[in-house]
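# Structural features, examined
Single-letter residue listing:
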Amino acid sequence: MAGPRAALRRGFDRAERLLDRPFGPDWNPLGQLGPLGWFLFWIVAATGIYLFIFFDTGVVDAYASVEWLSRDHWWHAGLARSLHRYASDLMVLVMFTHLLREWAMDRYRGRRWFSWVTGVPVIWFVYLSGITGYWLVWDELAQYVAVTTTELLDTLGIFAEPIARNFLAPPLLSGRFFTLMVFLHIAIPLLLLLMMWIHTQRITSARTNPPRGLAVLTLVALVVGSLLVPAVSQGPADLATVPQRVGIDWFILSLYPLIESVPAGVIWWGVLAFTVLLFGIPWLPGRREAGAAEVFLDYCNGCSRCVADCPYNAITLVPRSDGLSFSHEVEVNPARCVACGICMGACPSSSPFRRSGDLHTGIDLPGRPLAQLRAEVIATGQALSGPGRVLTLACAHGAGAGEAPGRVVLPCVAMTPPSLIDFAISRGLADGVAVAGCAERDCFNRFGHAWTTARFARERDPYLRQRVPRERVLTVWAGPSEPARLRAELDAFAARLAELPAFPNVRPIDEEEAAEAEAAALRRVAAK
Amino acid sequence: MTAPAPFWRGRVRHLALGGTLTLALTLATAALSAWPGWQSVAEGDGVLRLSFTHSGARACRDRTPEELAALPRNMRTAQLCERARSPVRVELDIDGRSAFAADVNPSGLADSGPSRVYRRFELPAGSHVVRLRMQDDPAAPDFTQTAAFAIDLAPGQSVAIDFDATTGRFFLY
């Protein structure tokens with residue numbers, strides 16, 4: 001991997017490893033940015049509803065009511081105000097870190113374009129929600145924001161008369177203005193919520209709640225931070241004056257100094273170019289992806305395990321169409337399938353032990369079918385020698401992404417049917433199998449880590465059979481910046497395997513299987 | 001059936017260290033939510049704004065008796081006017097120097113709306129003489145409205161000049 005994206009990805013991986021220590025991989029905030037964004041949104045929404053109880057709309061009443069709740073009732077309403085502001089600010093931070101991380105992880109293009117594109121309006125709705133919120137306080141900052149915003153909007157020339165005239169002098173400001181702003185400050189966050197919901201529609205079981213521990217940490221930190229540094233208003237707005245120096249919220253209002261410093265056309269064209277660029281990024285350039293998974297009805301009984309395991313909502317259960325005595329079959333939506341292969345790993349027909357005819361399964365990847373995967377495992381295993389032979393099934397997005405002896409690299413380790421591990425050991429291809437997935441905190445294909453762990457723990461179908469000795473199976477979860485740790489764990493595993501007695505009842509690979517494997521290996525080399 | 005273990009079981013270190021880091025991030029966020037300040041208008045300066053909405057004249061002529069006779073009774077208006085309005089010429093001098101001079105076009109797709117002006121001038125505090133001239137009818141030989149104001153601008157003060165079409169005068173807020 002090279003280039004700015006790879007460098008940023010390694011940077012994220014290193015930062016995440018650092019945060020793994022104080023938080024633990026499952027509470028690592030960098031692995032929970034999406035759920036954190038949702039959590040912060042709900043904090044902002046709940047505190048906003050609470051604040052609305054005390055807020056008065058009116059030229060004088062607005063500021064007075066905010067002062068009253070901040071000073072006289074600091075312990076509940078003032079706290080809610082601080083939570084409202086700081087959670088909004090953190091939401092901006094989380095949102096942009098999420099955007100940058102998804103770009104670095106290359107999870108924004110190809111068939112994953114939808115989540116990226118629907119995330120772009122979320123950015124603007126978050127900003128608009130924040131900006132309209134600042135107007136409501138009607139302090140000096142609100143006056144500054146109101147005047148600067150309306151002067152910018154007036155440059156569009158779309159209003160019947162300059163809306164900045166509303167702030168020309170005290171008599172021109174109407175109490176209805178605050179009613180309008182309250183309406184906008186409610187309507188825009190509702191649209192934001194709608195966009196956030198759409199944003200998560202093309203993935204299965206979208207994580208909209210962070211782990212409880214991280215949620216508690218975030219909420220407690222926000223409450224303590226709000227009590228230590230409460231949000232306060234600046235002086236009351238006075239249209240007979242002009243705010244000279246204002247305390248800016250650099251998360252939400254960072255564009256305002258720029259608006260004052262450059263011509264309005266630069267701002268509008270800049271915003272437009274930034275938005276168009278963000279929308280277009282998934283196709284600049286696009287990604288050439290492997291073909292979508294295909295269903296083979298002769299081997300599919302409609303058990304729906306692939307439906308349950310697909311991370312991208314790409315597989316659905318539909319009525320049977322081939323007359324066989326099953327009620328359902330599965331159907332793949334090629335526009336959503338990213339060819340991660342998790343469905344193949346979930347299919348009970350994906351057994352490498354089967355020898356009757358060609359090896360097929362119920363749902364297979366045309367670019368990397370099960371038959372080829374078995375052949376690759378055979379070829380890789382047969383090339384191993386010496387004591388403590390380790391066959392590694394590695395994730396293409398983790399520490400084991402690079403080619404290495406004894407290693408088969410997969411789009412996702414959950415593509416491996418557990419029976420393939422049984423096969424590799426019981427057919428004498430290796431003394432042990434290592435599954436090297438991507439970092440535990442955030443699987444590239446969302447559920448690869450979870451499904452693999454559950455299958456090996458015999459908690460989720462298809463199970464890793466009881467007869468597979470667990471001391472001969474190693475799982476390593478390591479990100480792209482951890483090849484040294486992976487190597488060390490594999491070496492230690494090989495040393496442990498070398499101490500074990502030979503695996504009993506090995507049925508070696510026969511000549512026909514070896515020939516198939518060799519042919520498949522040659523095909524793969526030719527394809528590369 | 002046993003109850004699931006509480007989420008914090010065995011996580012004291014994560015709660016302490018993770019909590020400390022999250023609190024530090026929250027405090028940094030709180031600081032950046034109001035600091036550092038932004039100097040929007042220089043210390044010692046004030047702002048003068050010129051803003052008004054005024055319609056330029058339309059080119060009209062009297063209908064001939066023949067034209068009037070050809071019209072239904074209820075449509076016999078004496079004059080026939082173009083839909084489009086003329087631009088409004090506005091000139092503003094501050095302390096004898098031209099600060100703004102423009103022919104402000106009428107608004108609307110058919111140029112039938114009023115001309116709109118909104119200009120902002122940042123000025124040092126002190127006394128200033130502001131002179132305004134406006135011509136809303138190109139047929140008029142000279143400016144149709146003029147005004148002069150002596151303004152004593154305090155630091156941070158905002159003064160606005162508006163136009164009242166009913167009296168035909170500029171005035172100060």
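Computed from a predicted model, the values in this text were never measured in an experiment. (Residues numbered from 1 in each chain as written. Chains lettered and ligands numbered in written order. Predicted model: local features only at pLDDT ≥ 70, side-chain atom pairs only at ≥ 80, totals over all residues.)

## Topic: the overall build of chain B
We apply this condition: Here a strand is any run of E in DSSP of at least two residues, a helix any run of H or I of at least four, and the numbering for each starts at the N terminus. Based on C-alpha atoms, the radius of gyration is set beside the globule rule, defined as 2.2 Å times the residue count to the power 0.38. Three classes are used. A residue is buried when 20 or more other C-beta atoms lie within 10 Å of its own, exposed when 12 or fewer do, and partly exposed in between, with C-beta atoms placed from the backbone. Whether two residues are in contact is decided by their C-beta atoms, placed from the backbone, lying within 7 Å.
Check the secondary structure of chain B and you find two helices and 11 strands. Helices and strands appear in chain B in the N-to-C order α-β-β-β-α-β-β-β-β-β-β-β-β. Computed over the C-alpha atoms, the radius of gyration of chain B is 31 Å, more than 25% above the 16 Å expected from 2.2 N^0.38 for a compact globule of 173 residues. For chain B, the spread of C-alpha atoms along the principal axes amounts to about 100 × 55 × 20 Å. Across the 173 residues that make up chain B, the buried fraction comes to 24%. Counting only contacts in chain B whose residues sit at least 6 apart along the sequence, the fraction spanning at least 24 positions is 56%.

## Re the overall build of chain A
Looking only at helices and strands, chain A has 17 helices and nine strands in total. Its C-alpha atoms put chain A at 95 × 50 × 45 Å along the principal axes. Considering only contacts within chain A whose residues lie at least 6 apart along the sequence, 75% involve residues at least 24 apart.

## Some remarks on helix H7 (residues 176-199) of chain A
All names here are of chain A. Rules: Expected helix span is given by 1.5 Å per residue-to-residue step, counting one fewer step than there are residues.
Taking 1.5 Å of rise per residue, the 24 residues of H7 would be expected to cover 34 Å, and the 34 Å separating its terminal C-alpha atoms lies within 8% of that figure. All buried positions along H7 are accounted for by Phe177, Phe178, Met181, His185, Ile188, Pro189, Leu192, Met196 and His199. Against helix H2 (33-54), helix H3 (61-72) and helix H5 (113-137) lie the buried residues of H7.

## Points about the interface of chain A and chain B
Note the threshold: Charged means Asp, Glu, Lys or Arg here, nonpolar means Ala, Val, Leu, Ile, Met, Phe, Trp, Tyr, Cys or Pro, and polar covers whatever is left, Gly included. Pairing between strands is defined by DSSP: at least two bridges between the two strands are required.
Tallying the contact residues gives 43 residues for chain A and 38 residues for chain B. Contributions of two or more residues to the side of chain A that touches chain B are made by helix H1 (3-23), helix H4 (74-104), helix H6 (140-154), helix H8 (212-228), strand E1 (245-247) and helix H9 (255-261) of chain A. With 10 residues, H8 of chain A is the largest single contributor of residues to the side of chain A that touches chain B. Here the residues of the side of chain A that touches chain B sort into 27 nonpolar, seven polar and nine charged. Two strands pair when backbone bridges link them, and E1 of chain A and strand E1 (residues 37-39) of chain B are joined in this way by three bridges, in the antiparallel orientation. Bridge pairing in E1 of chain B links Gly247 of chain A to Gly37 of chain B.

## Quick notes on the domain arrangement of chain A
Residues and elements named next belong to chain A. This is how it is decided: For every domain, the bounds stem from an assignment made automatically or drawn from a database.
Annotation of chain A at the domain level lists domain 1 (34-283) and domain 2 (294-527). Centre-to-centre separation of domain 1 and domain 2, based on C-alpha positions: 47 Å. Across the contact, seven residues belong to domain 1 and 10 residues belong to domain 2. Considering only residue class, the side of domain 1 that touches domain 2 consists of two nonpolar, two polar and three charged.

## Quick word on H8 of chain A
Taking 1.5 Å of rise per residue, the 17 residues of H8 of chain A would be expected to cover 24 Å, and the 24 Å separating its terminal C-alpha atoms lies within 8% of that figure. For H8 of chain A, the secondary structure elements touched by its buried residues are H2 and H4 of chain A together with helix H1 (12-32) of chain B.

## Examining the pairing of strand E9 (residues 473-477) of chain A
All names here are of chain A. Put simply, the rule is: Handedness of a crossover: with both strands directed away from the viewer, a clockwise path from the first strand across the helix to the second marks it as right-handed.
As judged from the five bridges shared by strand E8 (residues 432-437) and E9, these two strands associate in the parallel manner. The partner of Val435 across the bridge, within E9, is Thr475. The parallel pair E8 and E9, bridged by helix H15 (residues 448-456), forms a crossover whose chirality is right-handed.

## What to know about the packing of H4 of chain A against H5 of chain A
Residue and element names in this part refer to chain A. Just so we agree on the cut-off: Structural elements are reduced to axes, namely lines fitted to C-alpha atoms, with helices fitted over the stretch in contact, and the angle between N-to-C directions of any two is expressed from 0 to 180 degrees. Roughly parallel here means an angle under 35 degrees, roughly antiparallel means over 145, roughly perpendicular means 65 to 115, and every remaining angle is called oblique. Take the far helix as the reference: if the near one is turned anticlockwise from it by less than a right angle, the crossing is left-handed, and if turned clockwise, right-handed.
Contact pair H4 / H5: the axes reach a minimum separation of 11 Å and the direction vectors enclose 160 degrees. Taken together, the axes of H4 and H5 are roughly antiparallel relative to one another. Considering how the two elements wind past one another, H4 and H5 form a crossing that is left-handed. Contact residues: H4 offers Ser88, Met91, Val92, Met95, Leu99 and Glu102, while H5 offers Trp116, Gly119, Val122, Ile123, Val126 and Gly130.

## What to know about the packing of H5 of chain A against H7 of chain A
Residues and elements named next belong to chain A. At a minimum axis distance of 8 Å, the contact between H5 and H7 shows a crossing angle of 160 degrees. With respect to H7, the axis of H5 lies roughly antiparallel. The hand of the H5/H7 crossing is left-handed. Of the residues contributing to the contact of H5 with H7, the split by class is 18 nonpolar, eight polar and no charged.

## Structural notes on the environment of Ser174 of chain A
Structurally, the position occupied by Ser174 of chain A is in the loop between H6 and H7. Taking C-alpha positions, Ser174 of chain A is 46 Å from Ile203 of chain A, a pair spaced 29 residues apart along the chain.

## Thoughts on the sheet that holds E9 of chain A
Residue and element names in this part refer to chain A. As summarised here, the arrangement of the four strands in space is E7-E6-E8-E9, forming an open sheet in which the pairing is parallel. A strand with exactly one partner marks an edge of an open sheet, and here the two such strands are strand E7 (407-410) and E9. Between one strand axis and the next, the sheet turns through 15 degrees on average, direction left out of account.

## Quick word on the sheet that holds strand E11 (residues 169-172) of chain B
All names here are of chain B. Strand order in the open sheet formed by four strands is E7-E2-E10-E11, with mixed pairing between adjacent strands. With one partner strand each, in any of the chains shown, strand E7 (115-124) and E11 form the two edges of the open sheet. When strand polarity is set aside, the average angle formed by the axes of neighbouring strands in this sheet is 15 degrees. Relative to E7, strand E2 (residues 45-54) is paired through 10 bridges, and the arrangement is antiparallel. For Gly46, the partnering residue across the bridge sits in E7 and is Leu123.

## Let's talk about the nonpolar core
Residues and elements named next belong to chain A. Note the threshold: As used throughout, a nonpolar core is a set of buried Ala, Val, Leu, Ile, Met, Phe, Trp, Tyr and Cys residues joined through C-beta atoms within 7 Å of each other.
Among the nonpolar cores identified, the biggest contains 84 residues, and Leu40, Ala87, Met91, Tyr134, Leu136, Ala142 and Val145 are the most heavily contacted of them. When residues in this core are grouped by element, the largest group, 11 residues, is from H4. Apart from the residues lying within four places of it in its own chain, the contact partners of Tyr134 are Leu141, Ala142, Val145, Asp249 and Leu253.

## Quick word on the environment of Ser55 of chain B
All names here are of chain B. Summarising the element assignment, Ser55 is placed in the loop between E2 and strand E3 (58-62). The exposure class of Ser55 is partly exposed, given the 16 C-beta atoms found within 10 Å. For the pair Ser55 and Gly156, spaced 101 residues apart in sequence, the C-alpha to C-alpha distance is 32 Å. If sequence neighbours within four positions are ignored, Ser55 has contacts with Arg85, Pro114 and Ser115.

## Examining the pairing of strand E8 (residues 126-135) of chain B
The side chains of a regular strand alternate, first on one face of the sheet and then on the other. Residues and elements named next belong to chain B. In this sheet, E8 lies alongside strand E5 (residues 88-94) in antiparallel orientation, the contact comprising six bridges. Within E8, the position partnered with Asp93 by the bridge is Arg131. The pairing of E8 with strand E9 (residues 145-153) spans nine bridges and is classified as antiparallel. In the sheet register, Val130 faces E9, and the bridge partner there is Phe149.

## Things to note about the confidence of the model for chain B
This is how the line gets drawn: On a scale of 0 to 100, pLDDT captures the predictor's confidence in every residue.
Of the residues in chain B, 99% have a pLDDT of 70 or more, and the chain-wide mean is 93. Across the whole predicted complex the pTM is 0.91, and at the interface the ipTM reaches 0.91.

## Topic: the environment of Val224 of chain A
Relative to the elements of secondary structure, Val224 of chain A occurs in helix H8. Placed 145 residues apart in sequence, Val224 of chain A and Leu79 of chain A show a C-alpha to C-alpha distance of 9.5 Å.

## Things to note about unusual backbone geometry
Residue and element names in this part refer to chain A. At the junction of Leu284 and Pro285, the peptide bond is cis and its omega measures out at -10 degrees in the coordinates. Omega for the bond connecting Asp461 with Pro462 falls within 30 degrees of zero, at -10 degrees, which places this linkage in the cis form. Its place among the elements puts Pro462 in the loop between H15 and E9. One non-glycine residue, Ser304, lies in positive phi territory at about 75 degrees. One can find Ser304 in the loop between strand E2 (294-295) and helix H11 (305-309). Its identity as a non-glycine residue notwithstanding, Asn505 has a phi of 60 degrees, on the positive side. You can see Asn505 is positioned in the loop between helix H16 (483-499) and helix H17 (511-527). For Asn505, a count of 7 C-beta atoms within 10 Å corresponds to the exposed category.

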